[in-house]
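# Analysis of the macromolecular model
Here's the letter readout for the chains.
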Amino acid sequence: MKGKIVVLNVCAAITILWTLFPVYTLFKIALSSAKGVYTISLFPVEISLESFDAVLTGSFYLCKFFWLQTYNSLIMAFGTVLLVAPISLLAGYALGKIKFRLKSHFTTLTMLAYLFPQAFIALPIYRIMMFYGLTNSYAGVILVQSAFSAPFSILLVLDYATSIPSEIEDAARVDGASRMQLFTKIFLPLSIPILITTSILNFLTSWNSYLIPLLLLHDENKFTLPLAIGNFFLTDAVEWNIFMAFGLLYAIPPLIFYYAFRRFIVGGLMRGALKF
Amino acid sequence: MALKEEEWYGIAFFLPFLLSFFLFIIYPLLYGLMTLTAKEVWVEIFKDAYLLRALLNTLFYVGVAVNVKMILAFFLSGLLMYKDDVRLIKFLEWILIIPWALPDVTALLGIKWMFNTYWGTFNILLNYLSLPSIDFFNNYFTAMFTIIYTHIWKFLPLWTLILYSVRLTIPREIYEAAEVDGASDYNRLRFITLPLLRNTYVFSTVLSTIWVMGDFTTPWLLTGGAPGGSTHVAATIGYFYAFLLHEMPQGLAANMTLLPLILFLLIIAIKLRG
């Protein structure tokens, strides 16, 4: 048994190092001074916060739109959340609680839409959005992002709606409630927990999204934060400490959400992988 | 409530999603498929080496990354089962989701620098061990390695937690009974854990395969095809044709080459789920 404990500790230690090494690299460089970045050492030299300062004050030329881009990212994330909420509540409720002939086809369709990787129709989407005249606008990104985010939310709402005992609706139905009243008076108040879960997930998906904004946005003042970071990979600028600081500041909301709503998110995604 | 009325409500409630699905997924898809009928585009993109190379790279990337990740996730989820006995594992469980919680682009910044030839932390580590630095992004195999590594690092936590949640549903009594009957550790793994995890494992592998094939961000930002356009994958090659070579028709065709395979995998996934 003692030997086993040692082996377990060694495995755990290796996994911890494996997990944290790239994260450590991020912090090490972000906390270095401009000169410290180009020093051969595993530990930060000349620790300074000048890189964070450069991002937050916009004094470095590649970060001058930091606050504007934060605003853009927030607009697009909240826009997606607000658009997906009614779509997914309605559709999820229909699939979970209403009996109609096309139901099973619609459920399969939703699952296909959920699993379909957006990268394989990225260019057709770009062409069609040009045709709609929706490139380089918040609305375009929000609409496409919502189309890809909705299926998973629908499946979560569907799952949730099925778990509500049908006796509740039956009782109201005896009292003469219409389908619309069942939805607004009974389901909507009960749906708050699932609405919170899907909203958090949609916010994060949109906040992290890179490909769709990359295709649809062209002007630097319309860019979201990930697009600005994507550009760091392409420049010849050498201020990697500032890039890392930018990346870490951008990562704060997802990290907070993931840790605060750990159970929700892991549970939600697991249900996605195991059940749908 | 009249049956007919229910039919209408069902469709009406589903309609907003259906509308967005058709406008932003199906219509582009059909438009893309229509452009694929131009034969000369196909002749052209299969004449140069980029597309074929990208397709082979995809198989290589997906084949290695998904399977290594799932095998590691299988063992790591087993390790997590001991979290109440070993304090270090408790800590591991707490930090495990960091790679997955980090946004793609932030994680990629760290990894890109980690593999930097001169100042990257990985090469400095090698130097400490008296090993020579590796010029990761200037060699096809090491560049592919960085992409595969990134995927495994980032998504190991998610699949570990999924397999872990299945392991938690296996009643302890089964293991205890097997132990009383004198089953060895190996036999308990072979005859209890493996059969009970099999379905989830297979389904997860199919899902993961679909999603990794569609991973644009990692290959695009990490290597961007370097060295010399040799590390493009199916998800990035269309973008490369369209915006770097400015050949939109070729880009559209290249972008959609893997659709039949994706469709096949989607059907398998839906069938497996039952």
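What counts and how
Residues numbered from 1 in each chain as written. Chains lettered and ligands numbered in written order. Predicted model: local features only at pLDDT ≥ 70, side-chain atom pairs only at ≥ 80, totals over all residues. Heavy atoms only, no water. Helix = DSSP H or I, 4+ residues; strand = E, 2+ residues; numbered from the N terminus. Rg over C-alpha atoms; globule rule 2.2 N^0.38 Å. Buried < 20%, exposed > 50% of the residue type's maximum accessible area, 1.4 Å probe, protein only. Contact = heavy atoms within 4.5 Å. Areas by Shrake-Rupley, 256 points an atom, 1.4 Å probe, with all protein chains shown as cover. Lys, Arg positive; Asp, Glu negative; His and termini not counted. Charge placed at Lys NZ, Arg CZ, Asp CG, Glu CD. Core = buried A, V, L, I, M, F, W, Y, C linked by side-chain atoms within 4.5 Å. pLDDT = per-residue confidence, 0-100. 1 Å grid on protein atoms, 1.4 Å probe; cavity = no way out; pocket = protein on both sides within 12 Å on 5 of 7 lines; lining within 4 Å. Points joined across faces, edges and corners; volume = space filled by probe spheres on them. Nonpolar A, V, L, I, M, F, W, Y, C, P; charged D, E, K, R; others polar. Axes fitted to C-alpha atoms, helices over the stretch in contact; angles between N-to-C directions. Parallel < 35°, antiparallel > 145°, perpendicular 65-115°, else oblique. Left-handed = near helix turned anticlockwise from the far one by under 90°. Buried area = accessible area lost by both parts, 1.4 Å probe. Salt bridge = Lys/Arg side-chain N within 4 Å of Asp/Glu carboxyl O. Polar contact = N/O pair within 3.5 Å; in protein donor to acceptor, adjacent residues only side chain to side chain. Patch = residues over 30% accessible without salt bridge, like charges linked within 9 Å, V, L, I, M, F, W, Y side chains within 5 Å.

## Looking at the overall build of chain A
- Across its full length, chain A carries 14 helices and 0 strands.
- Starting at the N terminus and walking to the C terminus, you meet the elements of chain A as α-α-α-α-α-α-α-α-α-α-α-α-α-α.
- Relative to the compact-globule value of 19 Å for 276 residues, chain A shows a C-alpha radius of gyration of 23 Å, a clear excess of over 25%.
- Along the longest, intermediate and shortest principal axes, the C-alpha atoms of chain A span 75 × 65 × 30 Å.

## Comments concerning the overall build of chain B
- The number of helices and strands found in chain B is 14 helices and 0 strands.
- Reading the secondary structure of chain B in the N-to-C direction produces α-α-α-α-α-α-α-α-α-α-α-α-α-α.
- In terms of C-alpha radius of gyration, chain B reaches 23 Å, well past the compact-globule figure of 19 Å for 274 residues.
- In terms of its C-alpha atoms, chain B occupies a principal-axis envelope of roughly 80 × 70 × 30 Å.
- The proportion of buried residues among the 274 residues of chain B is 56%.
- Within chain B, residue pairs in contact and separated by at least 24 positions form 71% of the contacts whose partners lie at least 6 positions apart.
- Entry remark: accessible area of chain B is about 12500 Å², with carbon and sulfur atoms responsible for 68%.
- Of the charged side chains in chain B, 17 are positive and 18 negative; the average position of the first set lies 3 Å away from that of the second.

## Looking at the environment of A:Ser153
All names here are of chain A.
- Note that Ser153 resides in helix α7 (residues 138-163).
- The spacing of Ser153 and Ile87 is 66 residues in sequence and 9.0 Å in space, taken between C-alpha atoms.
- Sequence-distant contacts of Ser153, defined by excluding residues within four places in its chain, comprise Val84, Ser88, Thr198 and Asn202.

## What to know about the nonpolar core
- Ranked by internal contacts, the top residues of the largest apolar core, which has 192 residues, are A:Phe246, B:Phe17, B:Leu92, B:Leu109 and B:Phe216.
- Among the elements that make up this core, the one with the highest residue count is helix α8 (residues 140-168) of chain B (15 residues).
- Once residues within four sequence positions are removed from consideration, B:Phe17 is found in contact with A:Ile87, A:Ala91, A:Thr110, A:Ala113, A:Ala147, A:Ala150, A:Pro151 and A:Ile154.

## Here we look at the confidence of the model for chain B
All names here are of chain B.
- Averaged over chain B, the pLDDT score is 91; the fraction of residues at 70 or greater is 99%.
- Mean pLDDT values over the elements of chain B span from 80, in helix α2 (residues 39-47), up to 96, in helix α6 (residues 104-114).
- Model confidence for the complex is summarised by a pTM of 0.93, with the ipTM given as 0.92.

## Description of empty space enclosed by the protein
- Per the stated rule, a full pass over the model turns up 4 cavities of 30 Å³ or more.
- Here the largest cavity is characterised by a volume of approximately 1300 Å³.
- For the largest cavity, the lining is made up of 44 residues, of which A:Gln118, A:Thr205, B:Asp104, B:Phe155 and B:Trp211 are closest to its centre.
- Looking at side-chain class alone, the lining of the largest cavity contains 27 nonpolar, 13 polar and 4 charged residues.

## A closer look at the packing of helix α5 (residues 103-115) of chain A against α7(A)
All names here are of chain A.
- At a minimum axis distance of 8 Å, the contact between α5 and α7 shows a crossing angle of 135°. It follows from the interaxial angle that α5 and α7 lie oblique. α7 is crossed by α5, and the crossing has left-handed handedness. Contact residues: α5 offers Thr107, Thr110, Met111, Ala113 and Tyr114, while α7 offers Pro151, Phe152, Ile154, Leu155 and Leu158.
- Considered class by class, the residues forming the contact of α5 with α7 number 8 nonpolar, 2 polar and no charged.

## Some details on the layout of surface pockets
- Of the pockets and cavities examined, the largest pocket occupies roughly 1700 Å³.
- Taken together, 48 residues line the largest pocket, and the ones lying closest to its centre are A:Leu8, B:Phe75, B:Gly78, B:Leu79 and B:Tyr82.
- Those elements giving two or more residues to the lining of the largest pocket turn out to be α1 (2-30) of chain A together with α3 (49-80), α7 (121-128), α8, α9 (172-180) and α10 (185-213) of chain B.
- Sort the elements by how many residues they give to the lining of the largest pocket and α1(A) lands first, with 12 residues.
- Class assignment for the residues of the lining of the largest pocket results in 35 nonpolar, 3 polar and 10 charged.
- Space inside the second largest pocket adds up to approximately 410 Å³.
- What lines the second largest pocket is a set of 18 residues, among which A:Trp240, B:Lys112, B:Trp113, B:Asn116 and B:Phe137 lie closest to the centre.

## Some remarks on the interface of chain B and chain A
- On the side of chain A, 104 residues touch chain B, which itself brings 96 residues to the contact.
- In total, about 9400 Å² of surface goes out of reach between chain B and chain A, with carbon and sulfur atoms giving 80% of it.
- Together, B:Phe13, B:Phe24 and B:Leu109 form the three largest contributors to the area buried by chain B at its contact with chain A, with a combined 9%.
- Here chain B and chain A share 3 salt bridges between them.
- Taking the shortest distance from any N to any O, the salt bridge between A:Arg179 and B:Glu6 comes out at 2.7 Å.
- Where chain B touches chain A, the interface holds 14 residue pairs in polar contact (both at pLDDT 80 or more).
- The biggest single contributor to the side of chain B that touches chain A is helix α1 (residues 3-35) of chain B, with 20 residues.
- The residue makeup of the side of chain B that touches chain A, split by class, is 77 nonpolar, 13 polar and 6 charged.

## Thoughts on a nonpolar patch on the surface
- A cluster of nonpolar side chains, A:Tyr24, A:Phe43, B:Leu125, B:Tyr128, B:Leu129 and B:Leu131, forms an exposed patch at the surface whose accessible area comes to about 600 Å².
- Its place among the elements puts B:Tyr128 in helix α7.

## Observations concerning unusual backbone geometry
All names here are of chain B.
- Residue Pro227 is reached from Ala226 by a cis peptide bond, and omega for that bond is -5°.
- Mapped onto the elements, Pro227 comes out in the loop between α11 (217-222) and α12 (234-244).
- Within the chain, Ser130 stands out as a residue other than glycine whose phi angle is a positive 60°.
- On the secondary structure map, Ser130 appears in the loop between α7 and α8.

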